[in-house]
Amino acid sequence: MSELITSANIEEVIAKNIYIEPEISKQVITIQTNQSIMRVASVPQLALIILKSYGLIQFPIDDQFFSGAIYVKEGKIIPVINTALPRANQYFAAWHEVYHLIFDKVSLDHYIETDNTIEERKAECFAAHMLLSGLERYYNELTDEDFLSKVFYCMSTFQAPYKAVLISLYEYALKSENEELKRKIKSVFDVRFDNMPERFRSLGLDDSLVLPSNVINMAPLQDKIRLKEKENPELSYHKDNEEYLKNIMKEIELITRKEKE
C-alpha cells in the first residue's frame, strides 16, 4: 500500500516518480521483452497470470485501503488481491504486487509494511508504466468530450483506476508545461464518485471495470500445495490444505483489521 495521494501532495509524489523513472523504465522493458512472460495480449490479465504462478489468493476484504499484499508463510511467498475493490484497482494492484515479487529485493522477508515508502512508490510507478503506456496520445485524440468523460474513456481503454490515470496525465502536463491540464486534474483529483458505474454506462462503457468482482479463488495456491505434497509427501503441514488456507486468511484479516485501527 502506497501513500495516500491527494491534490495537495501530487507534485511531491510525481517528483519521486521522476527520480525513480530510469530504474522503473528498465524493469518495464525487462518484462516486455521477456517472451516467457508476455504470453497474452491483455496486460491486466497478464499480471494475474504471473501472480497465479506464485499461488495467488483472490478474496474480498472489507477494507478500501487494502488492495493487495505479498504474504510470507512457512517459506512460501503468497500474493493476495482484494476483490472487494473495483476491477480496475485489482489490475493495478496486481502489477504492483508483480513488482514486489520480481524486482523488490528488500521487502519479502516479512509481510510488506506500509511504511516501506520507496519500494511502494516504485511498485506504484511500475504498475502505472505497465498499464498506461500511450495514455497521453490517446487522451489528446479525445477532442470532443468534456474533461471527466475523457478521463473515464482513458480508464476504460487502459483498464486503470481513476487516480492512476490522473497522476499519469499530471506527469504529462508537467513535462509539457500544460498549466490548463494541471488545473483541470487538480480540480477533480479528490472527488469521490458514488455513481461511477452509472457514469460509465452513460458513455456506453462497460461498468464492470468500476465494480468489485468479489471473486474468491484460492485454486492457484491449492495447486501449488498439491504439487508440494507430491514432491514432499512427508511434510506434515501439507496434510490439511483447507485448514492451512483458512489459517492464512485469518491472519490476513487480522492484519487488515490492525491497519484500520
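Residues numbered from 1 in each chain as written. Predicted model: local features only at pLDDT ≥ 70, side-chain atom pairs only at ≥ 80, totals over all residues. Heavy atoms only, no water.

Novice: Looking at this structure, how should I read the overall build of the protein?
Specialist: The helix and strand tally for the protein stands at 11 helices and three strands. Along the chain direction, N to C, the helices and strands of the protein fall in the order α-α-β-β-β-α-α-α-α-α-α-α-α-α. Each of the 261 residues in the protein was classed as buried or not, and the buried ones make up 49%. Sequence-distant contacts, at least 24 apart, represent 67% of the contacts inside the protein between residues at least 6 apart. As presented, the protein carries roughly 13100 Å² of accessible surface, and 51% of it is formed by carbon and sulfur atoms. (Helix = DSSP H or I, 4+ residues; strand = E, 2+ residues; numbered from the N terminus. Buried < 20%, exposed > 50% of the residue type's maximum accessible area, 1.4 Å probe, protein only. Contact = heavy atoms within 4.5 Å. Areas by Shrake-Rupley, 256 points an atom, 1.4 Å probe, with all protein chains shown as cover.)

Novice: Even after reading the chapter, I still don't get unusual backbone geometry, so can you show me in this structure?
Specialist: Apart from glycine, the bulk of residues carry a negative phi angle, and the bulk of peptide bonds sit in the trans form. The phi dihedral of E177 falls on the positive side, at around 55 degrees, and the residue is not glycine. Note that E177 resides in the loop between α7 (162-176) and α8 (179-188).

Novice: What should I look at first to understand the packing of aromatic side chains in this one?
Specialist: Between two aromatic rings, the relevant description is the distance of the centres plus the angle of the planes. Under the counting rule described, the total for this entry stands at 10 aromatic pairs. Aromatic side chains F152 and F193 sit 5.7 Å apart centroid to centroid with 80 degrees between the ring planes, which places their arrangement in the edge-to-face category. A residue pair is termed long-range when its members are at least 10 positions apart, and F152 in helix α6 (residues 147-158) and F193 in the loop between α8 and α9 (196-202) qualify at 41 residues. One exposure class covers both F152 and F193, and it is buried. An aromatic cluster is defined as three or more aromatic residues linked by ring pairs; in this entry it consists of W95, Y99, F103 and F126. When the ring centre of Y139 is taken as reference, the NZ or CZ atom of K150 above it lies at 4.1 Å. (Phe/Tyr/Trp six-rings, centres within 6.5 Å; stacked < 30°, edge-to-face > 60°. Lys NZ or Arg CZ within 6 Å of the ring centre and 35° of its normal.)

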